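Reading the structure
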Number of protein chains: 2
Amino acid sequence: MSNDLLSHTIVEFYEKLSSWEMAVVKDAGHSLPQIHAVEILGGNGDMRMKELAEKMGITTGTLTVQIDKMEQAGLVARKAHQHDRRSILVGLTEQGQAVYREHDQLHHGLSDQLTAKFSDSERELLLSFFQRMNQEF
Amino acid sequence: MSNDLLSHTIVEFYEKLSSWEMAVVKDAGHSLPQIHAVEILGGNGDMRMKELAEKMGITTGTLTVQIDKMEQAGLVARKAHQHDRRSILVGLTEQGQAVYREHDQLHHGLSDQLTAKFSDSERELLLSFFQRMNQEF
DNA sequence: TTAACTATTTTGACTTTCAAAGTAAACGAA
DNA sequence: TTCGTTTACTTTGAAAGTCAAAATAGTTAA
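Residues numbered from 1 in each chain as written. Chains lettered and ligands numbered in written order. Predicted model: local features only at pLDDT ≥ 70, side-chain atom pairs only at ≥ 80, totals over all residues. Heavy atoms only, no water.

For chain A, the name recorded in an unreviewed UniProt entry is MarR family transcriptional regulator, with Shewanella insulae as its organism.

Following this line, the structure appears as structure tokens:
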């Protein structure tokens, strides 16, 4: 026996999250890949181009031009890697961090909105469910 | 007081779902927008270009070229609209429906995988949580 | 009948993307 | 050490996806 309903409900949740994110990013005048980079750098700190490209699911060639634009826009800075001169560390500038915090606040607001009618214990249970599912990917 | 952890855990879930979907679609040799169209048509039946474009979050101009390609590939067919000759109904072909069922099975498998360690009652609770959140967008 | 509106397609420009080739540095085995 | 291989990043050329705006065709309502 298998649960079609659960599967479809998860897909619906994903679709709605996706639409919300696109609308929010466009509304703030950013591009989706650039905000994606900001989210990853903001959540994990400086990292190498290679590593960032992997986390974003794009090639390093694509990332190079994306980071070029973001450096132009003042969101990120390239820094020398201490132990490997082939590598380059990318990190958020002050301005990039401001964009990260702002975007994070929006996520936060959505999370509040979605669980507004949940009790505290339900919210805790929901968190544990997400954590357990995240481990199974 | 607000819950950073829940917000970040939801974002993590979304990111993982997103990576999974991109990998699965690429692996099957399809493109993301085309599978998106297949999912929507498969789940809702034939619809007008306008309606499909809205559900996909793209303009009708963009959709026109996408549907051109999909028609070429034998996934969808354009049909005359009964009551409005300006409109065109788009629907899945036999082959398009096969792709839909195949992709739906993958969603299904993922849903099973993520909740493999859940008890039946936990799975039911999870479903109700998703349903409640989906209503709050 | 005609003006306003709606659905779709076409066009031109821009962004994102990849694969492949190029450059520079690190590594490792002889 | 040195030279072939691997790794990290950038560059380049081509393809896909996207939008805004213009064009086409059909509907609606006064």
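1. Topic: empty space enclosed by the protein
For the structure shown, the criterion picks out three cavities of 30 Å³ or more. Volume-wise, the largest cavity comes out at about 130 Å³. Forming the walls of the largest cavity are 13 residues, and the residues nearest its centre are A:Leu17, A:Trp20, A:His107, A:Leu110 and B:Val11. Looking at the lining of the largest cavity, the elements that each hand over two or more residues are helix H1 (4-27) and helix H5 (94-114) of chain A together with helix H1 (4-27) of chain B. Ranked by residue count, the leading element in the lining of the largest cavity is H1(B), at five residues. Residues belonging to the lining of the largest cavity are distributed by class as follows: seven nonpolar, three polar and three charged. (1 Å grid on protein atoms, 1.4 Å probe; cavity = no way out; pocket = protein on both sides within 12 Å on 5 of 7 lines; lining within 4 Å. Points joined across faces, edges and corners; volume = space filled by probe spheres on them. Helix = DSSP H or I, 4+ residues; strand = E, 2+ residues; numbered from the N terminus. Nonpolar A, V, L, I, M, F, W, Y, C, P; charged D, E, K, R; others polar.)

2. A look at the layout of surface pockets
Looking at the largest pocket, its volume works out to about 1400 Å³. The wall of the largest pocket is formed by 50 residues, among which A:Tyr14, A:Ser18, A:Leu32, B:Ser18 and B:Leu32 lie closest to the centre. Listed by contribution, the elements that provide at least two residues to the lining of the largest pocket are H1, helix H2 (32-44), helix H3 (49-56) and helix H4 (60-72) of chain A together with H1, helix H2 (32-44), helix H3 (49-56) and helix H5 (94-114) of chain B. For the lining of the largest pocket, the leading source of residues is H1(A), giving 12 residues. Residue classes in the lining of the largest pocket are distributed as 23 nonpolar, 16 polar and 11 charged.

3. Thoughts on the relation of the copies chain B and chain A
Of the transformation superimposing chain B on chain A, the axial component is 0.0 Å and the angular component is 179°, with the fit at an RMSD of 0.1 Å. As the rotation angle and translation indicate, the two copies are arranged about a two-fold axis. Looking at the rotation axis and the C-alpha trace of chain B, the residue lying nearest is B:Tyr14, at 3.4 Å. Take the interface residues of chain B: 100% of them recur as interface residues in chain A, which is what a same-surface contact looks like. (Least-squares fit on C-alpha atoms with pLDDT ≥ 70 in both. Contact = heavy atoms within 4.5 Å.)

4. Structural notes on the interface of chain B and chain A
Each partner contributes to the interface: chain B provides 45 residues, whereas chain A provides 45 residues. Between chain B and chain A, roughly 4900 Å² of surface is buried when both sides are summed, and carbon and sulfur atoms account for 67% of that area. Per-residue buried area on chain B facing chain A is highest for B:Tyr14, B:Glu136 and B:Phe137; these three make up 14% of the total on that side. Scanning the region where chain B abuts chain A turns up four salt bridges. (Buried area = accessible area lost by both parts, 1.4 Å probe. Salt bridge = Lys/Arg side-chain N within 4 Å of Asp/Glu carboxyl O.)

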